[in-house]
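# An overview of the molecular structure
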Amino acid sequence: MPDPTRIPTTPALPATGPVPGGLAALRQAHGIPALPAVPLPPVPGGPITVASYNVHKCVGLDRRFNPQRIARVIAEMQPDIIAVQEADKRFGRRVGLLDTEMLREAGLSLVPVSRLPDGHGWHGNALLVRAGTPLAVHRLALPGAEPRGAVITEMELPAGRLRVVAAHFGLLRRCRARQAAAILEAIGQGESMPTLMMGDLNEWRPGRRSSLRALEGLFGTLAMNPASFPSRMPVFALDRILGWPRGVVRDVQVHDTPLARIASDHLPLKARLDLRPALPAMPPAVAAAA
């Protein structure tokens, strides 16, 4: 007899190549409306704090494995939603590395992503939330020369529905471009709802040289994110917090504290998320102008 409390999940989605016809065709095929020409009012209840953090398997710059230190950095930010990269062992049994008890004391609970009872994520991508009900969890296998993945979670928050994409892209430029296309295709296959994408996307080049240019059609320019790597003296903007519709993600900043500078080789990013009401179907004239 099926367990009514079980969160529905899908198998790992297959790796895919570039999206034929581009983002406009993807929107049209799956009914995703274009950005409205007139900004929508925010949902009452105030902004949501979101964050992304590559925790370097909880090993700090002092080479100490210290998950309690990582939990303290996360508690400093007081996030409502946080995507964590490298939350599991990379090789062998992919057991979780986070101190979930300390994180629970900070008010955060793991979204059930791992297929292992002692795992935390999918290809190291874990998601923690303060208040919200996961409705569906999708594990996406990303294409590339090394094993990479993304988690796509649809959840009900007090402020409304939200899709969260948590990802960690590869080290090779050509692989990152394919991984961005795979995520766009997966988003396009789902229901239209506000979407948040967070993670270590491993791309520091802005503009035409960026492997993430395909994402700009949906999320807008990626050139203005703050530098987060290396943590002692950040130079490269490897970590990103992106949102759709454009404007829902605000005040992206690096969380730079003495503890964060030693806890991992990345500094975490945090931002404010202002969810909007569900977007109505846009008339063709507005969609064309957006």
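Residues numbered from 1 in each chain as written. Predicted model: local features only at pLDDT ≥ 70, side-chain atom pairs only at ≥ 80, totals over all residues. Heavy atoms only, no water.

## Describing helix H4 (residues 173-188)
Convention followed: Secondary structure elements are taken from DSSP: a helix is a run of H or I of four residues or more, a strand is a run of E of two residues or more, and numbering for both begins at the N terminus. Expected helix span is computed as 1.5 Å times (number of residues minus one). Summary of the burial criterion: residues with accessible area below 20% of their type's maximum are buried, those above 50% are exposed, and those between are partly exposed, where the area comes from a 1.4 Å probe applied to protein chains only.
For H4, spanning 16 residues, the distance from its first C-alpha to its last is 23 Å, which sits close to the expected 22 Å at 1.5 Å a residue. Within H4, burial applies to Cys 175, Arg 176, Gln 179, Ala 180, Ala 181, Ala 182, Ile 183, Leu 184, Ala 186, Ile 187 and Gly 188.

## Quick word on the pattern of salt bridges
Proximity of charged atoms lets side chains of opposite charge pair with each other. Applied cut-off: The salt bridge criterion pairs a side-chain nitrogen of Lys or Arg with a carboxyl oxygen of Asp or Glu, the two atoms within 4 Å.
Applying the stated criterion across every chain, the model contains 14 salt bridges. A salt bridge links Arg 250 to Asp 274; the shortest N-O distance between them is 3.0 Å. You can see Arg 250 sitting in strand S11 (residues 249-254) and its partner Asp 274 sitting in the loop between strand S12 (269-273) and helix H7 (284-289), a full 24 residues away along the chain. By relative accessible area, Arg 250 is classed as partly exposed at 32%. Through salt bridges with shared partners, one network takes in Arg 250, Asp 251, Arg 272 and Asp 274.

## Comments concerning the confidence of the model for the protein
For the record, the criterion: By definition, pLDDT measures how confident the predictor is in each residue, and it falls between 0 and 100. Between two residues, a contact is recorded if the distance between any of their heavy atoms is within 4.5 Å.
Predicted confidence across the protein gives a mean pLDDT of 83, with 79% of residues reaching 70 or more. Predicted confidence for residues 30-44 stays below pLDDT 50, and this span has 36 contacts to residues more than four positions away or in other chains. Note on residues 277-290: pLDDT is under 50 here. Beyond four places in sequence and across chains, it has 18 contacts.

## Thoughts on the sheet that holds strand S5 (residues 126-129)
Note the following rule: Whether two strands pair comes down to DSSP finding at least two bridges between them. For helices, the fitted axis covers only the stretch in contact; all axes are lines through C-alpha atoms, and the angles between them, taken along N-to-C directions, range from 0 to 180 degrees.
On the basis of which strands lie adjacent, the open sheet formed by six strands has the order S4-S5-S3-S2-S12-S11 and mixed pairing. With one partner strand each, in any of the chains shown, strand S4 (109-110) and S11 form the two edges of the open sheet. Here four bridges tie strand S3 (residues 81-85) to S5, and the two strands are oriented antiparallel to one another. Within the sheet, the bridge partner assigned to Val 84 lies in S5 and is Ala 126. Across the sheet, helix H2 (residues 67-77) lies against strand S2 (48-54), S3 and S12, angled at about 155 degrees from S2, the strand it touches most.

## Describing a nonpolar patch on the surface
Threshold: Note that patches include only residues with greater than 30% relative accessible area and no salt bridge, and the join distances are 9 Å for like charges and 5 Å for nonpolar side chains (Val, Leu, Ile, Met, Phe, Trp, Tyr). With residues, only the protein chains shown are counted as cover, and all accessible areas are computed by Shrake-Rupley using a 1.4 Å probe.
A contiguous nonpolar surface patch, about 430 Å² in accessible area, is contributed by Trp 204, Met 233, Val 235 and Phe 236. You can see Trp 204 is positioned in the loop between strand S9 (195-200) and helix H5 (213-219).

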